[in-house]
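Fold and geometry: a report
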Amino acid sequence: MRAQASPMRQQVRLRGRSYVAFVFAPVVPIVGWLEEIDATLASSPGFFVGKPVVLDLSGVDLSQSAIAHLVGSLVQRNIRVLGIEGVEADRLEANMPPLLSGGRSCVITRTEPLEKREAKPKINSLLLESPVRSGQSIIFTEGDVTVLGSVGSGAEIVAGGSIHVYGTLRGRAMAGVNGNSAARIYCQKIEAELLAIDGYYQTAEQIDASLRNRPAQAWLQGEIMRITPLN
Amino acid sequence: MAKVLVVTSGKGGVGKTTSTAALGAALAQLGKSVAVVDFDVGLRNLDLVMGAERRVVFDLINVVHGVAKLQQALIRDRRLENLWLLPASQTRDKDSLTDEGVGKVIADLRTRFDWVLCDSPAGIERGATLAMRYADEAIIVTNPEVSSVRDSDRIIGMLDSKTVKAETGERVTKHVLITRYDPVRAAKGEMLGIEDILEILAVPLLGIIPESQDVLRASNVGTPVTLNDAASAPARAYFDAARRLTGEQIAMVVPAERKGFMNRLLGRRAA
């Protein structure tokens, strides 16, 4: 036993951590493949910013200079390559991203918004062509809701924007739920159980009886809900 | 082409079972082959109204579970040879019904009958949803009062969303049948008017059945009202409704107050 222990050198503490990386698998012609990347970037700029990207070169046979050119092209598009896989180590230069192995594929959940953004501009109104029945709950926080028909007693409409009812409103209507105080509620006949705009509400008891069965609109004036007859 | 029709309402006690029996018997008297199916597992009543309670051997649950064959469970009516009853089980509950099993039974019934009338239990739970699940048409039985009308509205919403037809983008054909309509109380404004009900439900009217002692009398002797006294006011209203179901155009008659002779003589009291 040694009387005096030499001071232990403190080791660098290493921790493991895993991230989900996008795997780019280029195909020939590389120019065409880069155009596809450009198209993706055009529809959703910044999609790859801050995301780890790995190049899988197993599908192509590229020379050292071609790999260097490819990595450079991606850098020009603000895509930084974290590592490369599927290629022999001697094809990579020292200043290139390191060779990786042992990656496992997994589902990238963020791919959905990419496709949606490519599709259409956002729909911000909902049209219902049949009556809303008792017990049904229509929740559409993206915008306006229009009902061609009545809203039954015990039914509920929740809208981010305004609510239009071409029929009798007997149920509950909640407009501007995302904090849109300019939202309004319109109906051909008002017999509502509850009206709410941006959190301010009135129940059937508080609604002026003289308005009943008439076309009316509800809107916010500051913190006061006004219900006035239409026309 | 067989038609599967569900008689439903949401609310209990409005006359689903009475109407199923009366319309089933009326359709059978019009020469159609008819099966009436009791979906009220655990609280069956249709067998009583049809007067077949002493002849039940197998039931819907037995057929759904494959314990009995459909032809073993079907009970032929004593009075009309083309009217059959498929009773519910009284000892089980609605959880014994399976979607798949009900689908099979209905498909089997379709091959044997012109009309299959499903008597739905009250409520919006499993029994009611499975009764309407495979229906082509629906009769929504409504009393002229607000609670019944609101429940009917709820059921119509379910017919438009939870049936096979709705899920495949088609629509269940819907009819409103107003029962227990009392012309005296309607005249006094003590009940919802026909117009109000139809405005709320936005579904075409199949018929108006007047409130009548004849209905109760027929139930008590285990006979559908359309068989017991075919000339009575409710029986005639049910016959008209059955004819409308088969596609006939028949003018709608709103039951009016019938004053007796003495009433007419002494109708108004002088001050």
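This text goes with the structure placed above it.
Rules and cut-offs
Residues numbered from 1 in each chain as written. Chains lettered and ligands numbered in written order. Predicted model: local features only at pLDDT ≥ 70, side-chain atom pairs only at ≥ 80, totals over all residues. Heavy atoms only, no water. Helix = DSSP H or I, 4+ residues; strand = E, 2+ residues; numbered from the N terminus. Rg over C-alpha atoms; globule rule 2.2 N^0.38 Å. Contact = heavy atoms within 4.5 Å. Areas by Shrake-Rupley, 256 points an atom, 1.4 Å probe, with all protein chains shown as cover. Lys, Arg positive; Asp, Glu negative; His and termini not counted. Charge placed at Lys NZ, Arg CZ, Asp CG, Glu CD. Pairing = 2+ DSSP bridges. Axes fitted to C-alpha atoms, helices over the stretch in contact; angles between N-to-C directions. Buried area = accessible area lost by both parts, 1.4 Å probe. Salt bridge = Lys/Arg side-chain N within 4 Å of Asp/Glu carboxyl O. Polar contact = N/O pair within 3.5 Å; in protein donor to acceptor, adjacent residues only side chain to side chain. Phe/Tyr/Trp six-rings, centres within 6.5 Å; stacked < 30°, edge-to-face > 60°. Lys NZ or Arg CZ within 6 Å of the ring centre and 35° of its normal. 1 Å grid on protein atoms, 1.4 Å probe; cavity = no way out; pocket = protein on both sides within 12 Å on 5 of 7 lines; lining within 4 Å. Points joined across faces, edges and corners; volume = space filled by probe spheres on them. Nonpolar A, V, L, I, M, F, W, Y, C, P; charged D, E, K, R; others polar. Buried < 20%, exposed > 50% of the residue type's maximum accessible area, 1.4 Å probe, protein only. Patch = residues over 30% accessible without salt bridge, like charges linked within 9 Å, V, L, I, M, F, W, Y side chains within 5 Å.

1. Some details on the overall build of chain B
From N to C terminus, chain B includes 14 helices and eight strands. Here chain B has a C-alpha radius of gyration of 19 Å; the compact-globule value for 271 residues is 18 Å, and the two agree. Its C-alpha atoms give chain B principal-axis dimensions of roughly 70 × 40 × 35 Å. In chain B, of all internal contacts separated by at least 6 residues, the share reaching a separation of at least 24 is 76%. As displayed, chain B has an accessible area near 12,600 Å², and 48% of this comes from carbon and sulfur atoms. In chain B, 36 positive and 34 negative side-chain charges are present, and the distance between their average locations comes to 4 Å.

2. Description of the sheet that holds strand β11 (residues 194-197) of chain A
Residue and element names in this part refer to chain A. Within the open sheet, the five strands sit side by side as β5-β7-β9-β11-β12. Their pairing is mixed. Lying at the two open borders of the sheet, with one neighbouring strand each, are β5 (137-140) and β12 (200-203). Each adjacent strand pair in this sheet contributes to an overall mean axis angle of 5°, direction not counted.

3. Overview of the interface of chain B and chain A
Tallying the contact residues gives 11 residues for chain B and 15 residues for chain A. On the chain B side of the contact with chain A, B:R150, B:D153 and B:E199 bury the most area, a combined 48% of that side's loss. For the pair chain B and chain A, the interface holds three salt bridges. The partner of A:R170 in a salt bridge is B:E199, with the nearest N and O atoms 2.6 Å apart. The interface formed by chain B and chain A contains six residue pairs in polar contact (both at pLDDT 80 or more). Secondary structure elements with two or more residues in the side of chain B that touches chain A: α7 (146-159) and α10 (194-201) of chain B.

4. Concerning the packing of aromatic side chains
One pass over the structure, following the stated rule, counts two aromatic pairs over all chains. Geometrically, the ring pair formed by A:F24 and A:W33 is edge-to-face, given 5.7 Å between the ring centres and 75° between the ring planes. Lying over the aromatic face of B:Y134, B:R133 brings its terminal NZ or CZ to 6.0 Å of the ring centre.

5. With respect to the sheet that holds strand β4 (residues 125-128) of chain A
Residue and element names in this part refer to chain A. One open sheet accounts for six strands, arranged β4-β6-β8-β10-β13-β14; its pairing is mixed. Lying at the two open borders of the sheet, with one neighbouring strand each, are β4 and β14 (224-229). For this sheet, the mean inter-axis angle between neighbouring strands, taken without regard to orientation, is 20°. Here strand β8 (residues 163-169) runs beside strand β10 (residues 185-190); their pairing, made up of five bridges, is parallel. By the bridge assignment for β10, T168 is matched with K189.

6. Topic: the layout of surface pockets
All names here are of chain A. What the largest pocket holds in volume is close to 620 Å³. Lining the largest pocket we find 19 residues, and of these Y19, A21, V54, G103 and R104 sit closest to its centre. Elements supplying a minimum of two residues to the lining of the largest pocket: β1 (22-24) and β3 (81-85). Of the residues that constitute the lining of the largest pocket, the class distribution is 11 nonpolar, five polar and three charged.

7. Remarks on the side chain of B:R244
All names here are of chain B. Within the secondary structure layout, R244 lies in helix α13 (residues 233-245). Although R244 is buried, it forms no salt bridge, and the closest oppositely charged side chain is D240 at an N-O distance of 4.3 Å. Once residues lying within four places of it in the same chain are set aside, the contact partners of R244 are L206, G207, I250, A251 and M252.

8. Overview of a nonpolar patch on the surface
Together, A:L127, A:L148 and A:Y166 give the surface a local cluster of nonpolar side chains, amounting to about 300 Å² of exposed area. Inspection of the secondary structure assignment puts A:L127 in strand β4.

9. Remarks on the pattern of salt bridges
Working definition: two side chains of opposite charge can pair if their charged atoms are close together. Residues and elements named next belong to chain B. In this structure the tally under the stated criterion is 19 salt bridges over all chains. The partner of E167 in a salt bridge is R133, and the shortest N-O contact between them spans 3.1 Å. Note that E167 is positioned in helix α8 (residues 164-167) and R133 in helix α6 (residues 126-133), a separation of 34 residues in sequence. Among the ionic pairs, R185 bridges to E190, the shortest N-O distance being 3.3 Å. The class for E190 is partly exposed, based on a relative accessible area of 44%. Ionic contacts of the salt-bridge type, sharing partners, join the residues D99, R133 and E167 into one network.

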